[in-house]
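These are the residues of each chain, in order.
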Amino acid sequence: EYINTLFPTEQSLANIDEVVNKIRLKIRRLDDNIRTVVRGQTNVGQDGRQVKEITRDIKQLDHAKRHLTTSITTLNHLHMLAGGVDSLEAMTRRRQYREVANLLQGVVNVLEHFNKYMGISQIRQLSERVKAAQNELGQQILADFEEAFPSQGTKRPGGPSNVLRDACLVANVLDPRIKQEIIKKFIKQHLSEYLVLFQENQDVAWLDKIDRRYAWIKRQLMDYEEKYGRMFPQEWCMTERIAVEFCHVTRTELAKIMRTRAKEIEVKLLLFAIQRTTNFEGLMAKRFSGCTLADGTVKKAELPPPSTNPFLEDESGTETDETVIEKGDIDRPKKPKAPDNPFHGIISKCFEPHLYVYIESQDKNLGELIDRFVADFKAQGPPKPNVDEGGAVLPSCADLFVYYKKCMVQCSQLSTGEPMIALTTIFQKYLREYAWKILSGNLPKTTSSSGGLTITSLLKEKEGSEVAKFTVEELCLICSILSTAEYCLATTQQLEEKLKEKVDASLMERINLTGEMDTFSIVISNSIQLLVQDLDAACDPALTAMSKMQWQNVEHVGDQSPYVTSVILHIKQNVPIIRDNLASTRKYFTQFCIKFANSFIPKFINHLFKCKPISMVGAEQLLLDTHSLKMVLLDLPSIGSQVVRKAPASYTKIVVKGMTRAEMILKVVMAPHEPPVVFVDNYIKLLADCSTDTFQKILDMKGLKRSEQSSMLELFRQRLPAPPSGVENTSSMSLMAPTPEQESSRIRKLEKLIKKRL
């Protein structure tokens, strides 16, 4: 390409000699340049050696300069140190403490520069003179304070001097033990009068005059601020130190006198002393920061972890004894509040060993409260029916938990340790007593007499006005006890949570009210069972009458039979009352409906088997009656109500399954037993029951002779499907066999699954 650019055409080749000459000239120039560069590099090594020598000289000069500067600085420091030590010794003798405070810190700082020169005797001598001066200063200052504030006798008149104020500035620079000794001696001397005035044998030392202790220290602190406030440095926090030492002394003295006179401590006196003490501790928290606690470090409160519950509210204000607990709420959960009083318990801790007096008092008060509840219930009788409000909760339970809350708050202010555990044990005791004495103890007895429908009246189709075992008042009482037990269950759970918030973290695991919550659950279960038994027993005469009727003599199918009317009558009498009184506890009304259905339907089927023999017309009448009962049971949760509400699916499923089985039994009875194979297959298909006992009962209802039954049973056993693996007998198969409705539901689910897969 390069050649083509030089000779683009044949004509340009005529200039080839000229082009070659130019290229040769260019090559010679390049050779000359290369030769010049190569020759120029021969002197580089020599030049580099010259530069290195110059650099070494510069470095030597730099080292010399730095050493010279260090020497001059060190000599200056030495001059300052020597002069400072001389001045320090002279000022110490003249007690010029203000000047000493400024000079001593400088001397100490300068001396630090000579730590690596301690091998030099002159430097070591200066260091020893500084230490000696410091020791002399410390002893001299302590002597000055001892002279001003002697351990024995009264304080020196005239107040603090400027010398002592300056001496405190020197003490800040000296060994910390000097400062601590000054503080200790001053505070001890300042509180010496307190120990004399409030000796154990003095009348003012007892708990009933505890206010005088706190009044005395308030006066002393005001006196200190006025006379000595400016003598000590502000960072010494002498006012707080005096108050804290007073608290320690007071706690020791109170503990000593309470041990001696323990038998004289009464609840009111103890609570009075604790209240006055905690008030003083609160005043301390407002006045001081707590910086002198825990060896001079501020006692910081540990903040609780941030709550993820959006419903927690900040605690504000104080709680009064008149606080009324709303239903199901002893105290709405609130954000745990970090302790903001570093002085909490600094004195009041001494009362904790004597809080058993308070616990015993609460035990006695709660016992009397339970006895009063029992007496009031007997005097006033059960609560009146309260249909509009959905059942009445016994007012005594709210009173109980209000008292519990008062005790819990009060005790937590006294102590968050073992006394709270003891109080929790008392709470547990009376929760159980309330459950058994007030709730379970007042449930109506099932042995009360009651009139039932007679068979004669049923056969004559008389609609009697007989009622169930329990009166309306008794039904309302059961519902009220159930609602109260539910309230107690929910509130006990909240009580446990609040107790865990109040108690020390190390004791939280010992608070467990699960047993008491289980007790209230038992009361709820027993109440529901009573309601079920009552309605169930009311229906028994009607079912008995059904099984005693001559169903083989029924000639035509008419309206529903009298026994059905009787069952419906009892349901309409009981269920609306129960539903209205359990309106606030809907889930327990649903449980009642489910338990009644689970009890009534098997009983109805058992009585159905007793109806034998049955004619074709009789079976048709029974089928009509069964369908009527099925419709009533499906409507049972909302029967007699102006507001029609769909029954819970769990309840509907039970009714449909049970009553459909009853209908299938009657359809099998209605089917002809000839040919036998068709009858047996039809039975297996409709009932899916592989039990020979059930098949035997069907044959009895049809009125077959024993000889016919034997052949039928033999055929039934032959036609049974092979049992699934793990099933050893036919009775187990009957329990596992699905109903036609279940089978249909399974098929529908399978179809949906297949469609989804496709």
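- Named according to an unreviewed UniProt entry, the protein chain is Vacuolar protein sorting-associated protein 53 homolog originating from Terrapene triunguis.
- Checking UniProt for the protein chain, the heading Sequence similarities (unreviewed entry) contains the comment "Belongs to the VPS53 family."

1. Overview of empty space enclosed by the protein
Item 1. Across all of its chains, the model carries three cavities of 30 Å³ or more by this definition.
Item 2. In this structure, the largest cavity encloses a volume near 50 Å³.
Item 3. L142, F145, E146, F149, I182, K185 and F186 are the residues that line the largest cavity.
Item 4. Elements with a contribution of two residues or more to the lining of the largest cavity: α5 (121-148) and α7 (176-190).
Item 5. Among the residues forming the lining of the largest cavity, the class breakdown is five nonpolar, no polar and two charged.

2. Examining the packing of helix α14 (residues 395-414) against helix α17 (residues 472-502)
Item 1. Running from N to C, α14 and α17 cross one another at 5 degrees; their axes reach a closest spacing of 11 Å. Here α17 runs roughly parallel to α14, going by the angle between their axes. On α17, the residues touching C397, A398, F401, Y404, M408 and S412 of α14 are T484, Y487, C488, T491, T492, L495, K498, L499 and K502.

3. Section: the packing of aromatic side chains
Item 1. Tallying each qualifying case throughout the model produces 19 aromatic pairs.
Item 2. Residues F186 and Y224 carry aromatic rings whose centres are separated by 5.9 Å and whose planes lie at 65 degrees to one another, so their mutual orientation is edge-to-face. Within this pair, whereas F186 is found in helix α7, its partner Y224 is found in helix α9 (residues 210-228), the two being separated by 38 residues in sequence. Across the pair, Y224 and F186 agree in class, each one buried.
Item 3. When the ring of Y404 is compared with that of F427, the centres are 4.1 Å apart and the planes differ by 20 degrees; the resulting orientation is stacked. Highlighted residues: Y404 in helix α14 and F427 in helix α15 (residues 418-439), separated in sequence by 23 residues.
Item 4. With a relative accessible area of 0%, Y404 lands in the buried category.
Item 5. In this structure F427 comes out as buried when scored by relative accessible area, which is 0%.
Item 6. Ring pairing ties together the aromatic residues Y194, F198, Y214, W216, F246 and F280, which thus form one cluster.

4. Observations concerning unusual backbone geometry
Item 1. The linkage connecting K612 with the following residue, P613, adopts the cis geometry, with an omega of -5 degrees.
Item 2. The residue P613 is located in the loop between α20 (586-610) and α21 (616-634) in this model.
Item 3. Phi at C237 takes a positive value of approximately 50 degrees, unusual for a residue other than glycine.
Item 4. Inspection of the secondary structure assignment puts C237 in the loop between α9 and α10 (238-260).

5. A short note on helix α24 (residues 692-702)
Item 1. Turning to α24, its buried residues number three or more, namely T694, F695, I698, L699, D700, M701 and K702.
Item 2. Where α24 is buried, its residues contact α20, α22 (649-670), α23 (676-687) and α25 (706-719).
Item 3. Where α24 begins, one side-chain oxygen reaches toward the backbone nitrogen of D693, 3.3 Å away; that side chain belongs to S691.
Item 4. Phi turns positive, to about 75 degrees, at G703, one or two residues after α24.

6. Focus: the packing of α24 against α25
Item 1. One can describe the packing of α24 onto α25 by two numbers: an axis separation of 11 Å at closest approach and a directional angle of 145 degrees. In the crossing of α24 with α25, the sense of the turn from one axis to the other is right-handed. Of the residues in α25, those in contact with T692, F695, Q696, L699 and D700 of α24 are R706, Q709, M712, L713, F716 and R717.
Item 2. Here the residues of the contact of α24 with α25 sort into five nonpolar, three polar and three charged.

7. Digging into the pattern of salt bridges
Item 1. Within this structure, the stated rule accounts for 21 salt bridges.
Item 2. For the salt bridge of E264 with R261, the shortest nitrogen-to-oxygen distance reads 2.9 Å.
Item 3. Residue R261 is classed as partly exposed on the basis of its relative accessible area of 24%.
Item 4. Across the pair K630 and E663 runs a salt bridge whose closest N-O atoms are separated by 3.6 Å. Note that K630 is positioned in helix α21 and E663 in helix α22, a separation of 33 residues in sequence. The residues K630 and E663 share a single accessibility class, namely buried.

8. What about a nonpolar patch on the surface?
Item 1. Side chains of Y2, I3, L6, I23 and I27 sit close together on the surface and give an oily, nonpolar patch of about 490 Å² of accessible area.
Item 2. Within the residue set of the nonpolar patch, elements represented by two or more residues are α1 (2-6) and α2 (16-40).
Item 3. Per-element accounting of the nonpolar patch gives the leading share, three residues, to α1.
Item 4. Relative to the elements of secondary structure, Y2 occurs in helix α1.
Item 5. Exposure remark for Y2: the relative accessible area of 57% places this residue in the exposed category.

9. Overview of the side chain of K630
Item 1. A relative accessible area of 12% means that K630 is categorised as buried.
Item 2. Contacts of K630, omitting those with residues within four sequence positions, involve V655, M659, T660 and E663.

Cut-offs used in this document
Residues numbered from 1 in each chain as written. Predicted model: local features only at pLDDT ≥ 70, side-chain atom pairs only at ≥ 80, totals over all residues. Heavy atoms only, no water. UniProt positions renumbered as here; feature names shortened; annotations may be inferred. 1 Å grid on protein atoms, 1.4 Å probe; cavity = no way out; pocket = protein on both sides within 12 Å on 5 of 7 lines; lining within 4 Å. Points joined across faces, edges and corners; volume = space filled by probe spheres on them. Helix = DSSP H or I, 4+ residues; strand = E, 2+ residues; numbered from the N terminus. Nonpolar A, V, L, I, M, F, W, Y, C, P; charged D, E, K, R; others polar. Axes fitted to C-alpha atoms, helices over the stretch in contact; angles between N-to-C directions. Parallel < 35°, antiparallel > 145°, perpendicular 65-115°, else oblique. Contact = heavy atoms within 4.5 Å. Phe/Tyr/Trp six-rings, centres within 6.5 Å; stacked < 30°, edge-to-face > 60°. Buried < 20%, exposed > 50% of the residue type's maximum accessible area, 1.4 Å probe, protein only. Polar contact = N/O pair within 3.5 Å; in protein donor to acceptor, adjacent residues only side chain to side chain. Left-handed = near helix turned anticlockwise from the far one by under 90°. Salt bridge = Lys/Arg side-chain N within 4 Å of Asp/Glu carboxyl O. Patch = residues over 30% accessible without salt bridge, like charges linked within 9 Å, V, L, I, M, F, W, Y side chains within 5 Å. Areas by Shrake-Rupley, 256 points an atom, 1.4 Å probe, with all protein chains shown as cover.

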